[in-house]
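Chain residues, written in single-letter form:
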Amino acid sequence: MLRHDCVVIPGLGALIAHYRPAYIDKELGCMFPPSRLLGFNPEIIHNDGLLTSSIARGMETTFENASAILSKEVSALKLQLDNSGEYALGRLGLLSRRDNGPILFEPFTNTSVTPRYAGLQAVAMAPISEIVKTEAEAETTTSTKRKQLPLHKRAINVAASIALLICIGVTLTTPIIENRTALAALGSSISVSQPETEATFKPVAQPDIDLRIALPSKEEPQVKEEPAELLPTAPATISLHLDPADRYYLIVASLPTREKAEEYVAAQSHGDKLAITEADGRYRVYVATGNTIDMARLPITIDKYALRYPNAWVCRR
């Protein structure tokens, strides 16, 4: 889904990414960045080969074997939908179905399928009309004050300005005459008692200046907080919860035999404790569990575990 706008799951439906351009919410007073939204269409079920080819490359097998594996996983997915009514589709979202109705898809709020827009956040802004209106009112007030100034005060201000200009002109045009004869008589009475020394300045350590920008609190419109959608956060550090009695498992590998699963566990060198469970004829390796889907998938919201297990997904026991 990071590279394609449509990924078909043969026999189940298609995940479709819709581009949403940047938009302005007038009620919130915010401009939101562009993004991609995930949708699901259960009517598109034909096999276009995209997902099968990806599985074949990842498992280093043939296209026919990958197609058979995919068909078996889709059958297991449908069986879990019939039994429990919901299925977590990796880190993308939750599939659900009630009373043999259509399959519904709800994307997770903190799942990002738009790496090119990563880091973009909503920006608070004020309408230009309000700013222009405020400036126009200030200019109107100033003009009104000028009009209300009495006529005799204006004449006094003009006369004072003219008088000041005349004084400056006279001062600049008056010559300065030096009486060098009178000054020469003072030369013998002046004695130098101490040579002049050039003033020195010692540098004074200036403290660091902390520049802070204060945002206006009254003029700016208040923005309604929506932390769940705008600013998804995750705990910096977590401990992996591993309890076989929990309802949801965070699967990191699904293998055909127990020997293959044990080889996968032995090959890991990161130090995480892994366990194996059998379901639908597959041996699945899991790294964490939880009583809810969000609790089980919590580790892969941390960068360290997300990079370590890029293909992790949640399975319901």
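Source: prediction; values computed, not measured.

Q: Quick one: what's the story with the sheet that holds strand β1 (residues 6-9), residue by residue and with numbers?
A: Spatial strand order, β1-β2-β5: three strands in an open sheet with antiparallel pairing. Whereas interior strands pair on both sides, the edge strands pair on one side only; in this sheet they are β1 and β5 (35-41). The average undirected angle you get between the axes of adjacent strands in this sheet is 20°. Two elements, strand β2 (residues 13-20) and β5, share seven bridges in a ladder whose sense is antiparallel. Paired with Leu15 across the two strands is Phe40, which belongs to β5.

Q: So, unusual backbone geometry: which residues are in play, and what are the values?
A: The phi dihedral of Glu60 falls on the positive side, at around 55°, and the residue is not glycine. Along the chain, the position of Glu60 falls in the loop between α1 (50-59) and α2 (63-84). Of the residues examined, Glu60 reaches a relative accessible area of 75% and is grouped as exposed.

Q: Describe the sheet that holds strand β3 (residues 23-25), listing the residues and the values that go with them.
A: Spatially, three strands are ordered β3-β4-β9 in an open sheet, and the strand pairing comes out antiparallel. Either end of the sheet is taken by a strand with one partner, and the two such strands are β3 and β9 (123-124). Here three bridges tie β3 to strand β4 (residues 30-32), and the two strands are oriented antiparallel to one another. Counterpart to Ile24 in the pairing with β4 is Met31.

Q: Give me the lowdown on a nonpolar patch on the surface, citing residues and values where you can.
A: Residues Ile24, Met31, Val123 and Met125 make up a contiguous nonpolar surface patch of about 320 Å² in total accessible area. Take Ile24: it is sitting in strand β3. Classification of Ile24 by relative accessible area gives exposed; the value is 53%.

Q: Quick rundown of the packing of aromatic side chains? Include the residues and the values.
A: Evaluation of the coordinates by the stated rule reveals four aromatic pairs. When the centroid spacing of 5.1 Å and the interplanar angle of 15° are considered together, the rings of Tyr23 and Phe32 count as stacked. The exposure class of Phe32 is buried, given its relative accessible area of 6%. Both rings, one in Tyr249 and one in Tyr286, keep their centres 4.4 Å apart while their planes meet at 45°; by these two values the pair is tilted.

Q: Now, about the side chain of Ser96: what can you tell me, with residues and values included?
A: If you trace the backbone, Ser96 turns up in strand β7 (residues 93-96). If we skip the residues at most four places from it in the chain, Ser96 touches Leu81, Gly85, Glu86, Pro102, Ile103 and Leu104.

Q: Lay out the nonpolar core in plain terms, naming residues and giving numbers.
A: Counting residues in hydrophobic clusters, the biggest one holds 23 residues, and the most contacted among them are Leu12, Phe40, Leu77, Tyr87, Leu89, Leu95 and Phe105. Of all the elements in the fold, those that place two or more residues in this core are β1, β2, β5, α2, β6 (86-89), β10 (248-255) and β13 (313-316). Among the elements that make up this core, the one with the highest residue count is α2 (four residues). For Phe105, the residues in contact, after removing those within four places along its chain, are Leu15, Leu38, Gly39, Phe40, Leu89, Leu92, Gly93, Leu94 and Leu95. Residues Leu274, Ala296, Ile302 and Tyr305 belong to the second largest nonpolar core, which totals 22 residues.

Q: Run through the confidence of the model for the protein chain, naming residues and quoting values.
A: Per-chain confidence: the protein chain averages 75 in pLDDT, with 71% of residues scoring 70 or above. Per-element mean pLDDT across the protein chain ranges from 43 in helix α6 (residues 227-230) up to 91 in β1. Taken as a whole, residues 181-221 scores under 50 in pLDDT and shows three contacts with residues more than four places along the chain or in a different chain. Across residues 226-235, confidence stays below pLDDT 50; counting only partners more than four residues off in sequence or on other chains, it has 12 contacts.

Q: Pulling in residues and values, what's your account of the pattern of salt bridges?
A: Under the counting rule described, the total for this entry stands at six salt bridges. Across the salt bridge formed by Arg97 and Asp82, the nearest N and O atoms sit 2.4 Å from each other. Pair noted here: Arg97 is in the loop between β7 and β8 (104-107) and Asp82 is in helix α2, with a separation of 15 residues, a long-range link. Asp82 sits in the partly exposed class, given a relative accessible area of 48%. Here Arg316 and Glu86 are joined by a salt bridge, their closest N and O atoms 3.6 Å apart. In this pair, Arg316 is assigned in strand β13 and Glu86 in strand β6, connecting sequence segments 230 residues apart. Comparing Arg316 with Glu86 shows no difference in burial state: the two are buried.

Thresholds, definitions, all that
- Residues numbered from 1 in each chain as written.
- Predicted model: local features only at pLDDT ≥ 70, side-chain atom pairs only at ≥ 80, totals over all residues.
- Heavy atoms only, no water.
- Pairing = 2+ DSSP bridges.
- Helix = DSSP H or I, 4+ residues; strand = E, 2+ residues; numbered from the N terminus.
- Axes fitted to C-alpha atoms, helices over the stretch in contact; angles between N-to-C directions.
- Buried < 20%, exposed > 50% of the residue type's maximum accessible area, 1.4 Å probe, protein only.
- Patch = residues over 30% accessible without salt bridge, like charges linked within 9 Å, V, L, I, M, F, W, Y side chains within 5 Å.
- Areas by Shrake-Rupley, 256 points an atom, 1.4 Å probe, with all protein chains shown as cover.
- Salt bridge = Lys/Arg side-chain N within 4 Å of Asp/Glu carboxyl O.
- Phe/Tyr/Trp six-rings, centres within 6.5 Å; stacked < 30°, edge-to-face > 60°.
- Contact = heavy atoms within 4.5 Å.
- Core = buried A, V, L, I, M, F, W, Y, C linked by side-chain atoms within 4.5 Å.
- pLDDT = per-residue confidence, 0-100.

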